[in-house]
Amino acid sequence: MDQSKIRNFCIIAHIDHGKSTLADRIIEQTGLLTEREMQDQVLDNMELERERGITIKAQTVRTIYRADDGEEYVFNLIDTPGHVDFNYEVSRSLAACDGAVLVVDATQGVEAQTLGNVYLALDHDLEILPVVNKIDLPSAQPDETCAEIEDVIGLDAEGCPRISAKTGLNVHDVLEAIVHRLPAPSGDAEKPLKALIFDSVYDSYRGVIIFMRVFDGSVRKGSRIRMMATGAEFDVTEVGIFGAGKFIPADELTAGMVGYLEASIKDLKLSRVGDTVTLAANPCGEALPGYKEPLPMVYCGIYPAETPRYPDLRDALEKLQLNDAALRYEPETSQALGFGFRCGFLGLLHLDVVTQRLEREFDLDLITTAPSVIYKIHKTNGEVVDLTNPTNMPDASEIDYMEEPMVEAEIMLTREYIGPIMTLCQERRGIYEGTEYIEQTRAVLKYRMPLNEIIYDFFDALKSRSRGYASFDYEFSGYERSELIRLDILVNHEPVDALSFIVYAPNAYKRGSQMCEKLKKEIPRQLFDIPIQAAVGSKIIARETVRQVRKDVLAKCYGGDISRKRKLLEKQKEGKKKMREIGNVQVPKEAFLNVLKLDEDD
Amino acid sequence: MDGVGLYLHFPFCARKCLYCDFLSFPAGEDEKKLYASAMVREIRACADLLHGRTVDSIFLGGGTPSVMPAGSMREIMRAVNESFRISPDAEITMEMNPGTVNPRILSFASEYVNRVSLGVQSADREELGALGRIHSAEDAERTFGMLRGAGIGNISLDLMLAVPGQTEQSLLGTLGFAAGLMPDHISCYSLIVEDGTPFAAMEERGELDLPDEETERKLYYLARGFLEDRGYRRYEISNFAKQGRSCRHNMRYWKRGDYLGIGLGASSLFDHSRWKNTPVMREYLEDSGDPGRLVRELTRLDLRGEIEEFMFLGLRMDEGVSGDDFRENFSLELTDVYGDVIGRLAEEGLMEKSGRDRFRLTDRGVDVSNRVLAEFLFDGPEDPSGSPGPF
């Protein structure tokens, strides 16, 4: 396939600026197949073969555009998952592209997420095509928006398409600009195969379906491939391209193309996102950069809100893992919460996605405990153990010293927020390593920080203190010795294991007080005073009290009020069911996670 | 209790109060008369329903029944007397508001009614204004005098606690005013801000200066102490009476005696079923001659539902619930069913033994009674109701 006729790109935008509307218009105004493909009647094959097919997870779409120059161009529109924030998968999707269409709402101008997206795209050396959208609205200010794009982002907005994705106005300009302003792929089809896995899905009939971008070389059915990171080898059973939401088989995938590959792969762990695919017989010299072994960095306990659903939770985790190689889990027991699992995640976003999927797709009601990182405990007997659950921390007398995981954090932001964000990083024990100025308006702050300081709510704090104009990425960078202790929380004089956490010793007092204050807000008032205490060992370091309810009485209850009274009492009883009983105290299930969100009330 | 109660609903008022979420609205004479005729049709159609059981309490409530044309009220009461067997010593209560009582309605009352419940609410001008009441303390005093003059021997006053701006001082003023009239019965209700009322909107906007829980309870105990010192015994959470003057009709609600509701939106408990009449005036006016068509939200109570009600209603009363009554009603031992719950609540200081085989809420139990009473609901899904009802 002639690479000069291919454009691999994504659309990036602030939320609600019109990303998906523009994607829809592009698909509408282009075709599904080239003329040659139509003659080959690929469509029939597809329909015959794909009756029981699955829908494509990432909305990766290939469309054919007949440009004004009379040539047909293949557009591979690669969707990036909605959330761009420090997301490894997003970065892999971007790595599969050569360019990006940046949509900016002419009524809103450049917004926080616009910048975050642009920074990420620039990191991958993508050519960026700005598009000013929603010019049909009365409040649109296209000239000002263009000026902002030039001043704030630093992109040339001269002559950029001004469109209404909603009405379709000037969408044609976008298609032409994609042809003329975004680069074609520039790989070498004669070189050994070098392809990037940017996504994959698991299908119970077909096994793993790999989504990939071919940079060099080619691959076809029957080729023996090798995954460079895992070393696993497979025989290719099918390659193909993406139609509108369907898989269309093809003879081969060559340099510059985006498509899918099947090779009867049963284990997702052997074909990881970010890995490089090459030919076993003729491997390429080195893998594409950027592959990360999906190492769980954050652990938390996940428990069913209703104890009898433990087996359902186990089945759900098993199923999720088929599609999510990075998810780890093992059973654990909590005195407060009963049977559950300690689960490992790539980061907080991953944790969030998994818990949401568990709740939505498997209809589970969950209690999630505070996330924790993996600490290394060097015991006095010379043993080194990994600590993923604070409850398992050995007695202080058995501990020689402890280490905690560190990260190199890069925070991209506009200059005006450097002050507040530096303050934030210092509060979170960050060690300043330097500032890089990218352009007049943008800078990158570099910090070395303990991971446990960023897993709770650092990201939220960063967003709120920069009004959204900061984006953030981090990389794991080894362990460092640290002074750590376990903080226990007692509710009504009973220690609650699910609320224990590891804290940097000099911060223990402050964190203890914050936890108590926060719990005071989370635990509803009950019929008696409830003391909430933070303790280190046997020493109480902070205390709050949830005051008892003074009044909860219905003054009037006559003939017409009785059904209503019953409903009120039933609601009362229902509300109680949504709580976890700890000792004789009702604790809402969200409290276990919310207690560690410290910054939101400041 | 073999007697039956009758509740007659009059959904009209001179003006809607700011806190009111009852089914009532201002209306013209014609509409009131049309409504009265519809009530007469309903009463006559229900005549056979009681199978000759004796009516020993009647309650004319609203709304404000005293805004009805006296002639219409007479027609209604005549129909009641003709359709049902009324016990000679039946308690017949009519709700009235000060400032709505004219000589004609007074004359009706003296002829047909032996108990009046007067909505005084407060003696404080500003509090009355804040509540959106249309009368003054002087109006209340004058009306009270007129009622006594008309021979109403049994009068109850409604007072309100936790009114916006209310202080211990102003409440003492109201209580002194009320006790000074020497009524037979006093109800003291704490204001509840109900959804959909102007008060709810005002509270949302932060315009309502409501006392906090602590203050509200102080006001409640202040009223209790004041009234008990003057011979008014608290026999239910919010109701106080001189010896022998407890409201028979209201006691029926808490003891789960049968009662038949007549009129728009009126509720009934009859023969193990609860239902409400339609709250839609057009439907009521069309169908009142065929009461089966008025029935809404019909629930046939199963044993479990009846037991739960027995507890959460019975425990509102100072006398509480008795094992004897429980056994008589359900052929079960109270302590077998609820021994654990009662034991636990007693341990928490929320319930106490009030006699041989008798239990009630403690003062603290009353304060948080919603939470206490919820403990008497059983677990598990409700049985669906499949009963055709009484019609």
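Here goes a summary of the coordinates provided. Source: prediction; values computed, not measured. (Residues numbered from 1 in each chain as written. Chains lettered and ligands numbered in written order. Predicted model: local features only at pLDDT ≥ 70, side-chain atom pairs only at ≥ 80, totals over all residues. Heavy atoms only, no water.)

### Quick word on the environment of F345 of chain A
All names here are of chain A.
Argument step 1. With respect to the helices and strands, F345 occurs in strand β18 (residues 338-345).
Argument step 2. Exposure remark for F345: the relative accessible area of 0% places this residue in the buried category.
Argument step 3. For the pair F345 and P296, spaced 49 residues apart in the sequence, the C-alpha separation amounts to 4.5 Å.
Argument step 4. Once you skip the residues sitting within four places of it in the chain, F345 turns out to touch L295, P296, M297, V298, C300, I302, L327, H350, L351 and V354. (Helix = DSSP H or I, 4+ residues; strand = E, 2+ residues; numbered from the N terminus. Buried < 20%, exposed > 50% of the residue type's maximum accessible area, 1.4 Å probe, protein only. Contact = heavy atoms within 4.5 Å.)

### Quick notes on the sheet that holds strand β3 (residues 72-77) of chain A
Residue and element names in this part refer to chain A.
Argument step 1. Ordered in space as β2-β3-β1-β4-β5, the five strands form an open sheet in which the pairing is mixed. Strands with a single pairing partner mark the edges of an open sheet, and in this sheet they are β2 (61-66) and β5 (127-133). Strand-to-strand twist in this sheet, taken as the mean axis angle between neighbours without regard to direction, amounts to 30°.
Argument step 2. Here β2 pairs with β3 via six bridges, running antiparallel. (Pairing = 2+ DSSP bridges. Axes fitted to C-alpha atoms, helices over the stretch in contact; angles between N-to-C directions.)

### A closer look at the packing of helix α2 (residues 70-83) of chain B against helix α3 (residues 103-112) of chain B
All names here are of chain B.
Argument step 1. For the pair α2 and α3, interaxial distance at closest approach is 9 Å and the crossing angle is 15°. Comparing the axis directions of α2 and α3 gives the class roughly parallel. Relative to α3, α2 is oriented so that their crossing is right-handed. Judged by residue contacts, A70, M73, R74, M77, R78 and N81 of α2 engage R104, I105, S107, F108, E111 and Y112 from α3.
Argument step 2. Of the residues in the contact of α2 with α3, the class split is six nonpolar, two polar and four charged. (Parallel < 35°, antiparallel > 145°, perpendicular 65-115°, else oblique. Left-handed = near helix turned anticlockwise from the far one by under 90°. Nonpolar A, V, L, I, M, F, W, Y, C, P; charged D, E, K, R; others polar.)

### So, the interface of chain B and chain A
Argument step 1. Each side of the interface is counted separately: chain B has 42 residues, and chain A has 28 residues.
Argument step 2. The three residues of chain B that bury the most area against chain A are E213, N370 and R371 of chain B, which together make up 20% of that side's buried surface.
Argument step 3. Our count for the chain B to chain A interface comes out at nine salt bridges.
Argument step 4. When the shortest N-O distance is used, the salt bridge between E216 of chain B and K551 of chain A registers 3.9 Å.
Argument step 5. Inspection of the region where chain B meets chain A yields 24 residue pairs in polar contact (both at pLDDT 80 or more).
Argument step 6. Of all the secondary structure elements, the ones that give two or more residues to the side of chain B that touches chain A are β6 (185-190), α8 (213-229), α9 (248-255), β11 (273-277), α11 (303-314), α14 (363-367) and α15 (369-374) of chain B. (Buried area = accessible area lost by both parts, 1.4 Å probe. Salt bridge = Lys/Arg side-chain N within 4 Å of Asp/Glu carboxyl O. Polar contact = N/O pair within 3.5 Å; in protein donor to acceptor, adjacent residues only side chain to side chain.)

### A few points about the sheet that holds strand β17 (residues 328-334) of chain A
Residues and elements named next belong to chain A.
Argument step 1. The four strands lie next to each other as β17-β18-β16-β19, forming an open sheet whose pairing is antiparallel. What marks the edges here is a single partner per strand, and that holds for β17 and β19 (366-368). Averaged over neighbouring strand pairs, the angle between their axes works out to 30° when direction is ignored.
Argument step 2. Sheet topology note: the β17/β18 ladder contains seven bridges and is antiparallel. Residue P331 lies in a different strand from β18, and its bridge partner there is F341.

### Re the pattern of salt bridges
All names here are of chain A.
Argument step 1. In the structure shown here, the tally under the stated rule is 72 salt bridges over all chains.
Argument step 2. Two residues, R213 and D98, come together in a salt bridge whose shortest N-O distance is 3.3 Å. Placement of the pair is R213 in strand β7 (residues 207-216) and D98 in the loop between α4 (88-95) and β4 (99-105), with a sequence separation of 115 residues.
Argument step 3. Among the residues examined, R213 registers a relative accessible area of 2% and is labelled buried.
Argument step 4. Here R224 makes a salt bridge to E233, at a shortest N to O gap of 3.1 Å.
Argument step 5. Accessibility expressed as a relative area gives 29% for E233, which makes it partly exposed.

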